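# Notes for the structure review
Listed below, chain by chain, are the residues.
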Amino acid sequence: MNNITFSIRKQALLILLVFSPLGVGLKTLMIILLQPWSTAPQSLDVSFSYGLAFTLVGAAVAAHVLKLNAKLRLIYVLALLAFGGCSLVYHSWRYMNNQADSMAYGFCLPLIPAMLITLMGVCFSLGANEGTRLLWRICSAISIVIGGLSLSYDLAPLSIGSDLAVPAAQASITGGLFALLLGVIFWRVDIQPENARFPMPAKAMKVGAYGFLSTLVLMYIATVIRQQDRDQSFQYLLDNYVLISQQVTGDYGPILQSMMGRWATSPIVSEGALYAYLPTVILLLGLLITYKLMVERSLSEISLQQACKSRVSEQYFRSLYSHNPDAILSFDRDGFYQAMNPAMEQTLGINESDFLGKHFYDLLHKEIVPEEDLKRVYIAFGKASQGYPQPAVTFRLQASDNTERVFKITFLPIIIDGNTEGTFGLAKEITSRLFSEENQRLMERCLEASSNAIVVTDARLPHYPVVYTNPAFFNMTGFALDDIRVRALDLLTGERTDTADIDRILNAVLERRTESLNVISYRKNGSSFWNKLFISPVRNENNEVTHFIAVMNDISSEVRQKQELKYQATHDSLTGLANRVLFDEHLAFYIKESKANNGSLALLFIDLDDFKSVNDTMGHKVGDQLLISVTERLNACLQKNDILARFGGDEFVLITTHYSSLEDIIFISDKILDQIRQPYSVEGNKLHISASIGIATLAEYLTSPEKLLQQADMAMFKAKQQGCNTYEIFSDDLSIKLSRRVELRNDLDEAIKKEQLYLQYQPLVDVTGDLIGLEALVRWQHPIKGPISPVDFIPIAEETGQVTELGTWVLRRACLDALSLVNKGLLSGRVAVNLSPMQFHRPDFLKILRQVLDETGLPPEYLELELTEGILMWDTEGAIDLLNMLTNMSITIAIDDFGTGFSSLSYLKELPIGKIKIDKSFVDGVTINERDAVLCKGIITLAHSLNLKIIAEGIEAKEQYAFLRDCGCTGFQGYYFAKPMSYTMLQSWINIIDT
């Protein structure tokens with residue numbers, strides 16, 4: 001209460017400081033303006049100056065103390081400066097023009113308020129702050145010195161009661177008081193009432209205002225000279241003042257009324273003996289009474305307010321205590337339970353009766369609280385009981401349902417009049433919060449440990465600023481959180497980022513939905529990477545989107561792998577050219593475009609000639625390098641938009657649209673053939689190779705890419721048949737022929753499986769016509785097409801590899817028939833079976849041969865194998881070894897079509913062969929062509945020289961037979977002796993010639 005009283009008194013004094021200059025100034029102005037008299041003009045002028053000065057000073061101090069609007073304060077400052085300046089100029093001019101005035105009354109008296117007012121105006125213009133505090137103190141000192149000198153000068157020569165009745169003398173003394181008052185104001189001007197800790201009540205301010213007005217009126221009445229006017233004015237004001245004071249000042253009204261009544265009837269007042277002192281005495285008494293009234297009224301109001309606040313505070317406390325969601329317990333100074341709020345009962349599920357009369361240590365004990373937790377709780381409670389507030393303590397509690405619950409309790413002392421009267425315990429269950437915090441920490445650790453980059457943005461703020469990134473994001477992009485807080489999307493995208501992907505991201509954010517996409521993002525160093533981005537909104541309990549989470553995964557390696565796999569799936573790994581898959585796509589597209597635009601399109605099927613021999617003789621590494629070199633030369637022949645593909649092996653296909661006539665295609669083909677024919681240097685080897693090209697153009701009726709490719713393939717095959725190193729243009733006739741070949745190939749498979757094949761045998765005779773052997777010849781009787789010549793299906797079988805299966809069938813059938821002839825005593829010599837080079841060079845050929853001999857039971861002495869000279873061109877050393885093995889098995893070897901193939905004399909002397917057969921092409925011309933005759937004679941002579949049997953095949957005339965016989969030929973075969981015949985007819989034929 002002492003602090004409140006001191007603050008109120010300080011504020012009351014400050015208010016009186018404002019009222020004092022206002023009261024003196026207004027009283028003086030009222031005397032001059034309301035009660036003019038014929039006193040000396042100089043005295044009136046001086047009194048007016050002081051009155052106006054006091055009024056302005058009081059208004060300025062009030063404006064500063066009350067902190068009025070800056071513009072109003074500026075007006076007061078300007079008024080002070082204007083008044084001070086004008087007074088100085090005016091009174092200086094008047095003194096200079098009226099030397100009759102003394103220095104004190106003519107110049108000094110008016111100059112004092114002017115000078116002090118000017119100083120105050122300067123100070124107010126600068127303001128009251130730490131920087132101008134010294135200036136205010138200087139002005140204060142000047143005012144006090146001037147006031148003191150003025151009072152000492154004026155009071156010294158005056159006599160009581162007479163001289164003070166002169167207005168000029170009054171003005172001079174008032175000026176001294178004015179200067180002293182200004183000194184006090186300058187010294188105290190930095191005090192602000194609104195900064196007070198306990199502001200003065202408004203009712204007390206009203207009491208002060210009424211007291212000031214009452215004092216002002218009394219000062220005016222005391223100054224009026226004429227008794228009658230004073231009494232009338234006093235009575236009028238007294239009646240009104242009593243009514244006002246009764247309403248405002250309460251019990252002080254009668255006191256003031258009695259005081260003013262006694263003063264009005266006082267002999268001193270009525271007789272005017274102490275007239276000069278009355279205004280000053282009234283001012284001092286009025287200020288004192290007003291001060292007392294304001295202080296008492298303020299203290300009374302503050303007491304009422306504090307009582308009201310106490311009641312409100314108690315209700316606040318009770319509401320806080322009763323409705324607090326946290327459990328609250330109170331204990332007395334000895335630690336015994338006093339009370340609990342409802343939340344305590346709800347939290348623990350207990351009744352207050354369970355706690356009554358129990359000590360704190362009985363409520364929490366080691367059976368329900370772990371010992372380490374209990375120790376901390378006891379220490380905190382003990383310190384709080386001693387008056388020391390304690391921070392929250394966490395402890396675990398075994399509840400009645402055997403579940404462990406976690407609480408945080410805060411102990412606070414109950415302080416009453418400085419004494420500790422008890423302890424509050426504020427308990428809050430944090431089991432769920434700890435669980436949530438643990439889950440949150442676990443989630444944070446998971447996010448921190450995640451290998452995926454995670455970004456969280458705030459959807460509630462403009463531009464969706466980033467509020468979280470995990471370490472994986474920094475490792476992936478190089479961006480820290482501060483780097484991308486505002487411009488995440490701009491920094492993570494770049495020139496390679498598809499704008500459609502950016503739009504998908506923005507639309508997902510605007511539509512508050514999830515989105516997943518693969519997008520090219522950028523790192524801080526400017527490098528790009530493939531980002532598998534997943535965006536999802538995060539909603540609160542009101543289903544409002546508050547954040548967005550983005551999960552990023554660097555899938556650059558996966559994308560590169562997929563691109564590589566895609567490239568490998570559509571390109572040849574050796575040459576880098578398009579493969580069959582990609583070629584088919586391009587071909588379909590080009591055909592569609594050509595059809596739509598009425599354009600032209602040509603397909604060139606390029607196959608290297610005899611490339612297999614390069615692989616076989618020099619290895620696949622050299623072969624691969626050769627293919628790469630061929631590819632480079634083919635690429636050099638390409639024009640814009642041409643497509644070159646490798647189908648595998650030595651096959652290439654070219655799509656071109658750059659031609660206007662067939663001659664242009666021929667020119668391109670010749671250019672390609674010429675480039676391929678040029679020699680190659682591969683790993684120190686100089687290689688030569690050629691190619692065959694099949695050409696097919698897009699016809700109007702053709703829409704199938706496969707058909708166009710098939711046509712080019714047919715044309716290429718035809719080019720191969722024409723000797724290679726050339727090109728062939730597809731035609732419908734070629735299609736018919738090749739279709740027939742394909743059809744024959746398919747039919748041949750059926751023929752082998754369904755026994756549509758059969759053997760015919762053509763006898764071999766000596767010069768006497770006796771049988772010396774047989775040659776087995778395969779024939780095909782098609783169930784629909786009838787007989788099919790071996791000339792048609794044998795080449796197809798050799799090209800397709802069917803010749804191996806066909807040869808095995810022929811060998812088995814011939815062995816079975818030969819064995820039957822042997823058993824019947826009809827076979828003289830051996831049965832000859834033709835072998836193809838493919839069949840002969842198969843690794844399992846010898847195994848199959850032995851297996852057939854074992855299965856059929858034919859002795860090897862009755863079997864002869866006919867081979868062509870071409871067998872020796874492929875793995876010559878291996879062929880010789882195999883021939884030796886056959887000879888060791890008692891199987892004889894005959895060279896068929898001698899003279900048309902390899903014909904190496906050095907091999908003839910080393911080969912384990914027993915017979916050579918002169919080809920029919922030489923026999924046909926022996927009687928009409930001298931060169932054929934010479935060749936036949938030479939072959940016969942050579943055979944005799946090497947001790948080989950000689951057979952001339954294809955004899956159809958007696959003259960041919962006679963010529964060859966005369967040349968020394970010992971064996972003959974041909975239509976002249978016997979045509980090929982079936983096994984049944986053969987038996988009859990043998991029986992005929994034997995007889």
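Reading guide: rules and limits
Residues numbered from 1 in each chain as written. Predicted model: local features only at pLDDT ≥ 70, side-chain atom pairs only at ≥ 80, totals over all residues. Heavy atoms only, no water. Helix = DSSP H or I, 4+ residues; strand = E, 2+ residues; numbered from the N terminus. Buried < 20%, exposed > 50% of the residue type's maximum accessible area, 1.4 Å probe, protein only. Contact = heavy atoms within 4.5 Å. Areas by Shrake-Rupley, 256 points an atom, 1.4 Å probe, with all protein chains shown as cover. Pairing = 2+ DSSP bridges. Axes fitted to C-alpha atoms, helices over the stretch in contact; angles between N-to-C directions. Right-handed = clockwise from strand over helix to strand, strands pointing away. Core = buried A, V, L, I, M, F, W, Y, C linked by side-chain atoms within 4.5 Å. Phe/Tyr/Trp six-rings, centres within 6.5 Å; stacked < 30°, edge-to-face > 60°. Lys NZ or Arg CZ within 6 Å of the ring centre and 35° of its normal. Parallel < 35°, antiparallel > 145°, perpendicular 65-115°, else oblique. Left-handed = near helix turned anticlockwise from the far one by under 90°. Expected span 1.5 Å × (residues − 1). Disulfide = S-S within 2.5 Å. Nonpolar A, V, L, I, M, F, W, Y, C, P; charged D, E, K, R; others polar.

Going by an unreviewed UniProt entry, the protein carries the name GGDEF domain-containing protein and comes from Salinivibrio sharmensis.

Our next topic: the overall build of the protein. Counting its regular elements, the protein contains 36 helices and 26 strands. Within the span of the protein, comprising 995 residues, buried residues form 45% of the whole. For the protein, the proportion of contacts with a sequence separation of at least 24, taken over those separated by at least 6, is 62%. Accessible area of the protein: about 51,500 Å², with a carbon and sulfur share of 56%.

So, about the sheet that holds strand β11 (residues 602-608). Spatially, the 5 strands line up as an open sheet ordered β12-β13-β11-β16-β17, and their pairing is mixed. Among the strands making up the open sheet, the edge pair consists of β12 (643-648) and β17 (727-729). Each neighbouring strand pair of the sheet contributes to a mean axis angle of 20 degrees, computed without reference to strand direction. Across the sheet, helix α23 (residues 620-636) touches β11, β12 and β13 (651-656), and the angle it forms with β13 is around 10 degrees.

Among the 5 residues in strand β25 (residues 949-953), 4 count as buried, and that is most of the element. Both strand β24 (residues 915-918) and β25 contribute to a ladder of 4 bridges, which runs parallel. Residue pairing for β25: Lys915 is matched across the bridge by Lys949. Two strands pair when backbone bridges link them, and β25 and strand β26 (residues 971-973) are joined in this way by 3 bridges, in the parallel orientation. Within β26, the position partnered with Ile951 by the bridge is Gly971. Crossover β25 to β26 through helix α35 (residues 958-967) is right-handed.

What the 5 strands build is an open sheet, ordered β7-β6-β10-β9-β8; its pairing is antiparallel. Each end of this open sheet is capped by a strand with a single partner; those strands are β7 (466-469) and β8 (515-522). Neighbouring strand axes in the sheet, compared pairwise and without regard to direction, differ in orientation by 25 degrees on average. Note that β8 and strand β9 (residues 528-539) share 8 bridges and pair antiparallel. Bridge pairing links Asn518 to Lys532 in β9.

Right, let's talk about unusual backbone geometry for a bit. Residues other than glycine seldom take positive phi values, yet His463 does so here, at roughly 65 degrees. Its location among the elements puts His463 in the loop between β6 (453-458) and β7. Of note, the phi angle at Arg512 is positive, near 55 degrees, even though the residue is not glycine. Within the fold, Arg512 resides in the loop between α19 (499-510) and β8.

Moving on: the side chain of Ser836. Summarising the element assignment, Ser836 is placed in the loop between β21 (830-834) and α29 (837-840). Leaving out residues up to four positions away in the same chain, Ser836 has contacts with Glu798 and Val803.

Glancing now at the nonpolar core. Judged by nonpolar contacts, the single largest core of 80 residues is most densely connected at Phe840, Leu849, Leu863, Leu865, Leu886, Ile916 and Leu964. The element contributing the most residues to this core is helix α28 (residues 802-823), with 10 residues. Setting aside anything within four residues of it in sequence, one finds Ile916 in contact with Ile895, Phe898, Ile939, Ala943, Leu948, Lys949, Ile950 and Ile951.

Looking now at the packing of aromatic side chains. Evaluated as defined, the whole model comprises 23 aromatic pairs. Here the aromatic rings of Phe331 and Phe381 are separated by 5.5 Å at their centres, their planes lie at 85 degrees, and the arrangement is edge-to-face. Placement of Phe331 in strand β1 (residues 327-332) and of Phe381 in helix α14 (residues 371-385) is noted, with a sequence separation of 50 residues between them. Here a set of aromatic residues connected by ring pairs shows up, and it is made of Phe331, Tyr337, Phe355, Phe360, Tyr361, Tyr378, Phe381 and Phe411. In this structure, Arg633 is placed above the aromatic ring of Tyr680, and the distance from its NZ or CZ to the ring centre is 3.7 Å. It is Lys979 that lies over the ring of Tyr975; its NZ or CZ is 5.5 Å from the centre.

Here the focus is the packing of α28 against helix α36 (residues 983-994). Relative to each other, α28 and α36 sit at 30 degrees, their axes nearing to 12 Å. Judged on the interaxial angle alone, α36 and α28 are roughly parallel. You can see that α28 and α36 cross each other, and the crossing is right-handed. Residues Asp817, Ser820 and Leu821 of α28 pack against Tyr983, Leu986 and Gln987 of α36.

This part takes up α28. Here α28 contains 22 residues, and its C-alpha end-to-end distance of 32 Å stays within 8% of the 32 Å for a straight helix at 1.5 Å per residue. Just past α28, the residue Gly825 takes up positive phi, approximately 70 degrees.

Of all 6 residues that make up β12, 5 are buried, and the element is covered over most of its length. In this sheet, β13 lies alongside β12 in antiparallel orientation, the contact comprising 5 bridges. By the bridge assignment for β13, Gly648 is matched with Glu651. In this structure, the hairpin formed by β12 and β13 is closed by a connection of 2 residues, where Gly649 is found at a positive phi of approximately 60 degrees.

As used here, a disulfide is simply a covalent bond connecting the sulfur atoms of two cysteines. For the coordinates displayed, the defined rule picks out 0 disulfides. Free of any disulfide, Cys936 has its nearest neighbouring cysteine sulfur in Cys967, separated by 7.6 Å. Cys936 gets classed as buried once you look at its relative accessible area, which sits at 0%.

Attention shifts here to the packing of helix α34 (residues 930-945) against α35. It is the contact of α34 with α35, at a shortest axis distance of 9 Å, that shows an interaxial angle of 40 degrees. With respect to α35, the element α34 is oriented oblique. Crossing of α34 over α35 shows right-handed handedness. Between α34 and α35, the contacting residues are Ala933, Cys936, Lys937 and Ile940 on the first element and Phe963, Leu964 and Cys967 on the second. Looking at the contact of α34 with α35 residue by residue, the classes come out as 6 nonpolar, no polar and 1 charged.

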